[in-house]
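Summary of the model geometry
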Amino acid sequence: MKRLFTFVFTLVVSYAFAQQSEVVYEGILLTPNKKEEAQLIAGVKAHNKKYHSKGKATASLYSILTGPNAGKYAWLNGPMTFVDMDNWPNSTHMTDWQKNIRNFVVGEEAQYAQLNWEASYTPPSWGSPNVLLLRTFKINNKMDSRSKVMEAIIKIKKALEAMKAPNPRRVYESAFRSGEGTDITLVYPIKNWAAFSTSKGLPEDFQTKYDAINGAGAFRRDVGEVLSTYTDGWYDEIRVLVE
């Protein structure tokens, strides 16, 4: 999804939400004034403590280290539903946002992402990591591109279930279509940086394991060819929790 989420993450959805319920994250991509970056971080902490420390409007701040948004911050608010957004923010809330956040940035972009339960994979037990890997696909304009890509993602989810993979994967879709087609994002919570030595999200040697489950050449047919046909590529972002 577009710079997602801006979107958004502790992208780890709270178990307070029953599976299959609507889960929406508000994400705001903040471009800092580099001379006032420390003030921005302090301001976000102050704002979150006052307005986003509990309930559905719980917010976090992530630093973006890689990808097209490197050097920016992702402010993530949720999980919530769209109905929840009818009741806020009020003028006092927005005045505080201006004082503590907007005064220290040179740009901000908002986006709303919805969790796709069917495509997401949740093992029985996992933690709340401080590092996130986001993989965002650039969906092209061919007929049914979005649905074709999602079919491939769901097939991967079924393989993860079959192999009882230990690590979770969340799938988010942009609630409102972006101009760049960056409307599907995979979110991988990462336990530690050492994990990148053997895996970039999916389990090590995943393609071989996928083919063992689905037949020789299945990964290329089900995933590789679909992504080659219906996307214009993808990019990765590493996000690290600031607060």
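For the structure, check the block above.
Figured I'd write up the structure that's included with this text. If you're wondering where the values come from, they're calculated on a predicted model, not measured in any experiment. (Residues numbered from 1 in each chain as written. Predicted model: local features only at pLDDT ≥ 70, side-chain atom pairs only at ≥ 80, totals over all residues. Heavy atoms only, no water.)

On to the overall build of the chain, then. Each helix and strand in the chain was counted, giving five helices and eight strands. The N-to-C order of helical and strand elements in the chain reads β-α-β-β-α-β-β-α-β-β-α-α-β. In terms of overall size, the chain behaves like a compact globule, its C-alpha atoms giving a radius of gyration of 18 Å where 243 residues would be expected to give roughly 18 Å. Over its C-alpha atoms, taken along the principal directions, the chain stretches across nearly 60 × 40 × 35 Å. Burial analysis of the chain (243 residues in total) assigns 50% to the buried set. Put simply, the chain shows about 11,600 Å² of open surface, and 52% of that area lies on carbon and sulfur atoms. The average position of the 30 basic charges and that of the 25 acidic charges among the side chains of the chain differ by 3 Å. (Helix = DSSP H or I, 4+ residues; strand = E, 2+ residues; numbered from the N terminus. Rg over C-alpha atoms; globule rule 2.2 N^0.38 Å. Buried < 20%, exposed > 50% of the residue type's maximum accessible area, 1.4 Å probe, protein only. Areas by Shrake-Rupley, 256 points an atom, 1.4 Å probe, with all protein chains shown as cover. Lys, Arg positive; Asp, Glu negative; His and termini not counted. Charge placed at Lys NZ, Arg CZ, Asp CG, Glu CD.)

What follows deals with the packing of helix H3 (residues 145-162) against helix H5 (residues 218-230). Contact geometry for H3 and H5: axes closest at 9 Å, N-to-C directions at 160°. In terms of axis orientation, H3 runs roughly antiparallel to H5. The hand of the H3/H5 crossing is left-handed. Contacts between H3 and H5 involve Ser145, Lys148, Val149, Ala152, Lys155 and Ile156 on the former and, on the latter, Asp222, Val223, Val226, Leu227 and Tyr230. In terms of residue class, the contact of H3 with H5 is built from seven nonpolar, one polar and three charged. (Axes fitted to C-alpha atoms, helices over the stretch in contact; angles between N-to-C directions. Parallel < 35°, antiparallel > 145°, perpendicular 65-115°, else oblique. Left-handed = near helix turned anticlockwise from the far one by under 90°. Contact = heavy atoms within 4.5 Å. Nonpolar A, V, L, I, M, F, W, Y, C, P; charged D, E, K, R; others polar.)

For an α-helix, the turn length of 3.6 residues means that residues three or four places apart are oriented alike. The complete set of buried residues in helix H2 (residues 91-100) reads His93, Asp96, Trp97 and Asn100. One side of H2 holds all its buried residues, which, seen down the axis, span an arc of 105°. Those residues of H2 that are exposed and angled more than 90 degrees off the buried face are Ser91, Thr95 and Lys99. In this structure, the buried side of H2 is in contact with strand E1 (24-32), helix H1 (37-51), strand E3 (73-80) and strand E4 (105-115). (Arc of directions from axis to C-beta.)

For the rest of this paragraph, the subject is the pattern of salt bridges. Evaluated as defined, the whole model comprises nine salt bridges. Glutamate 237 serves as the salt-bridge partner of arginine 239, at 2.8 Å between the closest nitrogen and oxygen. Like arginine 239, the residue glutamate 237 is buried in the burial classification. (Salt bridge = Lys/Arg side-chain N within 4 Å of Asp/Glu carboxyl O.)

This part is about the sheet that holds E3. As summarised here, the arrangement of the eight strands in space is E1-E3-E2-E8-E5-E7-E6-E4, forming a closed barrel in which the pairing is antiparallel. Here the strands of the sheet are splayed against their neighbours by 35° on average, with no regard to which way each runs. Those strands touched by H5 are strand E5 (131-139) and strand E8 (231-241), and its axis lies near 105° from that of E8. (Pairing = 2+ DSSP bridges.)

With that settled, consider the packing of aromatic side chains. Within the structure shown, the criterion is met by nine aromatic pairs. Measuring from centroid to centroid gives 4.9 Å for tryptophan 75 and tryptophan 97, while their planes differ by 75°, and the two rings are edge-to-face. Of this pair, tryptophan 75 sits in strand E3 while tryptophan 97 sits in helix H2, and the two are 22 residues apart along the sequence. The class of tryptophan 75 is buried, set by a relative accessible area of 2%. Measuring from ring centre to ring centre gives 6.0 Å for phenylalanine 206 and phenylalanine 219, while their planes differ by 80°; the resulting arrangement is edge-to-face. In this pair, phenylalanine 206 sits in helix H4 (residues 206-214) while phenylalanine 219 sits in helix H5, placing the two residues 13 residues apart along the sequence. (Phe/Tyr/Trp six-rings, centres within 6.5 Å; stacked < 30°, edge-to-face > 60°.)

Attention shifts here to the nonpolar core. Ranked by internal contacts, the top residues of the largest apolar core, which has 31 residues, are Ile153, Ile184 and Phe206. When contributions to this core are tallied by element, the ones reaching two or more residues are E5, H3, strand E7 (184-190), H4 and H5. Per-element accounting of this core gives the leading share, eight residues, to H3. The residues touching isoleucine 153, leaving out its near neighbours within four places in the chain, are Ala119, Phe137, Arg169, Val171, Ile184 and Leu186. (Core = buried A, V, L, I, M, F, W, Y, C linked by side-chain atoms within 4.5 Å.)

Here we take up the side chain of aspartate 222. Within the secondary structure layout, aspartate 222 lies in helix H5. At 2.9 Å, the side chain of aspartate 222 and the side chain of arginine 221 are in polar contact. Once residues within four sequence positions are removed from consideration, aspartate 222 is found in contact with Ala152, Lys155 and Tyr210. (Polar contact = N/O pair within 3.5 Å; in protein donor to acceptor, adjacent residues only side chain to side chain.)

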